[in-house]
Amino acid sequence: MTRIATLAAAALLLGSPAFAQDAAKMQITKAAWQGYQQYLSNATDQRHGYFAMSKDGQNWGNSGCPKGSCPPDEQMKASAMKRCEQFSAGVPCLIFAEDRNILVPYEVKEYTMYGQ
């Protein structure tokens with residue numbers, strides 16, 4: 001492949017919607033951010049937990065327990081995901097944070113398409 005062809009292929013890849021989507025920050029509503037703040041208010045060094053959020057940044061769920069008496073992490077993640085998916089109207093959820101550590105790039109939106 002020539003240098004020009006290589007540069008052209010790289011430009012196409014960088015400009016593709018799939019690449020742009022991977023680099024994009026998750027858009028979170030103010031209401032969902034408040035849900036995360038409530039979760040944080042219970043997060044201490046003595047607790048372990050997960051916070052799940054719908055990929056559209058509008059719904060959430062969490063799970064937590066006192067450290068030392070928690071079920072396996074996979075069960076806790078599944079519990080947070082299930083709580084999120086109960087309200088997400090079919091929008092997939094993901095684990096947004098473990099304890100106080102946010103795991104995905106995000107930004108809080110001023111409004112949504114629904115005006116919230």
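Anything mentioned here points back to the structure above.
Everything quoted here is computed from the prediction, not taken from an experiment.

Caption draft 1: How the structure looks around the side chain of Thr29. Take Thr29: it is sitting in the loop between strand 1 (26–28) and helix 3 (30–42). Under the relative-accessibility criterion, Thr29 is labelled buried at 3%. In terms of polar contacts, Thr29 uses its side chain to reach the backbone amide nitrogen of Ala32, at 3.1 Å.

Caption draft 2: Local environment of the packing of aromatic side chains. A full pass over the atoms with the stated rule returns 8 aromatic pairs. An angle of 20° between the planes, with centres 5.1 Å apart, marks the rings of Trp33 and Tyr106 as stacked. With Trp33 in helix 3 and Tyr106 in strand 6 (residues 106–108), this residue pair connects regions lying 73 residues apart in the sequence. Judged by relative accessible area, Tyr106 falls into the partly exposed class, the value being 28%. Here the aromatic rings of Tyr36 and Phe96 are separated by 5.4 Å at their centres, their planes lie at 80°, and the arrangement is edge-to-face. In this pair, Tyr36 sits in helix 3 while Phe96 sits in strand 4 (residues 93–98), placing the two residues 60 residues apart along the sequence. According to the relative accessible area criterion, Tyr36 is buried, its value standing at 2%. Given a relative accessible area of 0%, Phe96 falls into the buried group. Site record: aromatic cluster; members linked through ring pairs are Trp33, Tyr36, Tyr39, Phe51, Phe96 and Tyr106.

Rules used throughout
All residue numbers refer to position in the chain's written sequence, counted from 1. Only residues with pLDDT of 70 or above have their local features reported here, since the model is predicted, and side-chain atom pairs are shown and tallied only from 80 upward, although totals for entire chains, interfaces and linings are computed over all residues. Side-chain measures were taken over the full set of non-hydrogen atoms in the model, leaving aside hydrogen atoms and water. Helix and strand assignments come from DSSP, with helices taken as H or I runs of at least 4 residues and strands as E runs of at least 2, each series counted from the N terminus. Note on exposure labels: buried denotes an accessible area under 20% of the residue type's maximum, exposed denotes more than 50%, and partly exposed covers the range between, all computed with a 1.4 Å probe on protein chains only. We define a polar contact as two N or O atoms separated by no more than 3.5 Å, with the added condition that, inside protein, one atom must be a possible hydrogen donor and the other a possible acceptor, whereas residues neighbouring each other in sequence contribute only through side-chain atom pairs. Pairing of aromatic rings covers Phe, Tyr and the six-membered ring of Trp, with a centre-to-centre limit of 6.5 Å; geometry is then stacked below 30 degrees between planes, edge-to-face above 60, and tilted otherwise.

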